[in-house]
Amino acid sequence: MTEAPARDRGARSRDAILDTAGELMARHGYAATSISMISAACGLPVSSLYWHFGSKDGIYVAVLERARTTLLAALPPPQVPGRDLDERLEAFLAEVGDAFQRHQPSVRLLLGLGMVQQDATAAAVAEVRHYRDALTQWARDALSCVFGLRDRPEVADELARFTLRMASGTAVARWFDAGAALETGALRVALRALAAHHGVAVRGAPG
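Every value quoted in this text rests on a predicted model; they were computed, and no experiment measured them. (Residues numbered from 1 in each chain as written. Predicted model: local features only at pLDDT ≥ 70, side-chain atom pairs only at ≥ 80, totals over all residues. Heavy atoms only, no water.)

Quick notes on the overall build of the chain
1) Next: If you tally the helices and strands in the chain, you get nine helices and zero strands.
2) Next: When its helices and strands are written in sequence order, the chain yields α-α-α-α-α-α-α-α-α.
3) Next: Across the 207 residues of the chain, 43% fall into the buried class.
4) Next: Restricting the contact set of the chain to residue pairs at least 6 apart, pairs at least 24 apart contribute 68%.
5) Next: With an accessible surface of roughly 10700 Å², the chain has 55% of that area assigned to carbon and sulfur atoms. (Helix = DSSP H or I, 4+ residues; strand = E, 2+ residues; numbered from the N terminus. Buried < 20%, exposed > 50% of the residue type's maximum accessible area, 1.4 Å probe, protein only. Contact = heavy atoms within 4.5 Å. Areas by Shrake-Rupley, 256 points an atom, 1.4 Å probe, with all protein chains shown as cover.)

Right, here's the structure in full:
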């Protein structure tokens, strides 16, 4: 009779720890977020944190895993809709901008902004790399659809990595200016110019 309620309490405690740790680590970084800070903020004893996750790094890996799963699940299929390049590019930029805005803590965490320190375990580093690889693959597939690059994967890869670098730069900027937003207008111009530089037929692209 008491086993199910105990499991429910355990799940709620685990979620509370992850919610709190994710917020603190996104705000302060991995190194500056201590077990005692998480304990005080979520109202659970330190022993509960260790019981659920074993260590601070265990919490970090679990936070990263949940953030990665949530953010990637929110992305649309890479088959970007649109009758022509302009419509497809606008749809892609709208999706990227929306995901960046709605999942800002996840973006900060998963881009590894100052949190993967030398003392982080291989599991934490692997989780960040897993996320980056998955997000790069999504952006590569989407931009391949936008610009018709099915036969030129190296160009799609360059465009994808450039997009993620711009997102990373904006996430860094938000540490200093909370109102900083992803400049989709500048990203539009840059992607068209990069594609044109590689000989892709882009109507109206700067030379």
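Next comes the rest of the description.
Quick look at the packing of helix 5 (residues 85-102) against helix 9 (residues 184-197)
1) Next: Here helix 5 crosses helix 9 at 135°, and the two axes come no closer than 11 Å. The angle between the axes of helix 5 and helix 9 places the two elements in the oblique class. In the packing of helix 5 onto helix 9, the handedness of the crossing is right-handed. The residues of helix 9 that touch helix 5, namely those facing L85, D86, L89, E90, F92, L93 and G97, are T184, L187, R188, L191 and R192. (Axes fitted to C-alpha atoms, helices over the stretch in contact; angles between N-to-C directions. Parallel < 35°, antiparallel > 145°, perpendicular 65-115°, else oblique. Left-handed = near helix turned anticlockwise from the far one by under 90°.)

Some details on the packing of aromatic side chains
1) Next: Per the stated rule, a full pass over the model turns up two aromatic pairs.
2) Next: Residues Y30 and Y60 carry aromatic rings whose centres are separated by 4.5 Å and whose planes lie at 40° to one another, so their mutual orientation is tilted. Taken together, the positions of Y30 in the loop between helix 1 (3-28) and helix 2 (35-42) and Y60 in helix 4 (residues 56-74) put the pair 30 residues apart, joining distant regions of the chain.
3) Next: Here F92 and W138 contribute two aromatic rings whose centre-to-centre distance is 5.7 Å and whose plane-to-plane angle is 20°, an arrangement assigned as stacked. Taken as a pair, F92 in helix 5 and W138 in helix 7 (residues 122-147) lie far apart in primary sequence, 46 residues in all.
4) Next: Taking the relative accessible area as the measure of exposure, F92 reaches 1% and is therefore buried.
5) Next: For W138, a relative accessible area of 12% corresponds to the buried category. (Phe/Tyr/Trp six-rings, centres within 6.5 Å; stacked < 30°, edge-to-face > 60°.)

Some details on helix 2
1) Next: Taken as a whole, helix 2 has its buried residues at I35, I38, S39 and C42. Across the axial projection of helix 2, the buried residues extend over an arc of 100°, all falling on one side. Facing away from the buried surface of helix 2 by more than 90 degrees, the exposed residues are A40 and A41.
2) Next: Looking one or two residues beyond helix 2, the residue adopting positive phi is G43, at roughly 75°. (Arc of directions from axis to C-beta.)

With respect to the nonpolar core
1) Next: Counting residues in each nonpolar core, the largest one holds 33 residues, and the members touching the most others are F92, W138, F147, L159 and L191.
2) Next: Among the elements of the structure, helix 5, helix 7, helix 8 (153-176) and helix 9 are those that each provide at least two residues to this core.
3) Next: Here this core takes eight residues from helix 7, the largest share from any one element.
4) Next: Dropping the residues within four chain positions of it, L191 is found in contact with L89, F92, L93, L143, F147, L159, F162 and T163.
5) Next: Among the nonpolar cores identified, the runner-up in size contains 23 residues, and L18, F53, Y60 and A124 belong to it. (Core = buried A, V, L, I, M, F, W, Y, C linked by side-chain atoms within 4.5 Å.)

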